[in-house]
Amino acid sequence: MLKIGDKMPDFEVQDQDSKMVSSRELLGKKTIIYFYPKDNTSGCTAEACNLRDNYQAMVARGYNVIGVSKDSVKSHKNFTDKYDLPFTLLADTSTEMIKSFGAWGEKSMYGRKYMGIMRTTFIFDENGILTEIIEKVDTKNHAAQILKR
């Protein structure tokens, strides 16, 4: 997992509109990158909608908001359209970006262990330096967790 003070890993991944987005493009603006397990699931939908509802407050503080999961471009497009999400969703179907941030790990559900996305949020400054990590994400109040910093 990345540590405070680390530089944003290099990546180039497609967004919900099939446009390539790279880490280099994000320099110059504070960036929130949040990793979530799956489009259209209850917790992930609550988190995305909470960020949507507080999006203007984050933009007012100079933040760029980006969500990342291993869902497809098409799934992200449908998710964005269905919930009117104003921010970018990246489709890391290879999990390369997810792993480079350290957001991939062992999870457990009903006693079964498996590898998956660890719901984690990384906040970078304008120079691409990591300033905050939120590992215990409150999906219904995630924007408040970010904005209180």
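Each remark here, short or long, concerns the structure printed above.
These numbers come from a predicted model, not from an experiment.

Reading guide: rules and limits
Residues numbered from 1 in each chain as written. Predicted model: local features only at pLDDT ≥ 70, side-chain atom pairs only at ≥ 80, totals over all residues. Heavy atoms only, no water. Salt bridge = Lys/Arg side-chain N within 4 Å of Asp/Glu carboxyl O. Helix = DSSP H or I, 4+ residues; strand = E, 2+ residues; numbered from the N terminus. Buried < 20%, exposed > 50% of the residue type's maximum accessible area, 1.4 Å probe, protein only. Core = buried A, V, L, I, M, F, W, Y, C linked by side-chain atoms within 4.5 Å. Contact = heavy atoms within 4.5 Å.

Participant: Give me the lowdown on the pattern of salt bridges, citing residues and values where you can.
Facilitator: Going through the model one piece at a time under the given rule, you end up with 6 salt bridges. With its nearest N and O atoms 3.3 Å apart, the salt bridge here joins lysine 77 to aspartate 17. In this pair, lysine 77 sits in helix 3 (residues 73-83) while aspartate 17 sits in the loop between strand 1 (12-14) and strand 2 (20-22), placing the two residues 60 residues apart along the sequence. Aspartate 17 sits in the partly exposed class, given a relative accessible area of 48%. Put simply, Asp17, Lys77 and Asp81 are held in one network by salt bridges that share partners.

Participant: Which residues make up the nonpolar core, and what are the values?
Facilitator: Ranked by size, the top nonpolar core spans 20 residues in total, and within it Tyr34, Met58 and Phe87 carry the most contacts. For this core, the secondary structure elements donating two or more residues are strand 3 (30-35), helix 1 (42-53), helix 2 (55-60), strand 4 (63-69) and helix 5 (142-147). Not counting residues within four places of it along the chain, the set of residues in contact with methionine 58 comprises Ile32, Leu51, Tyr63, Val65, Ala143, Ile146 and Leu147. Ranked by size, the runner-up nonpolar core spans 19 residues in total, among them Leu2, Phe35, Phe101 and Leu130.

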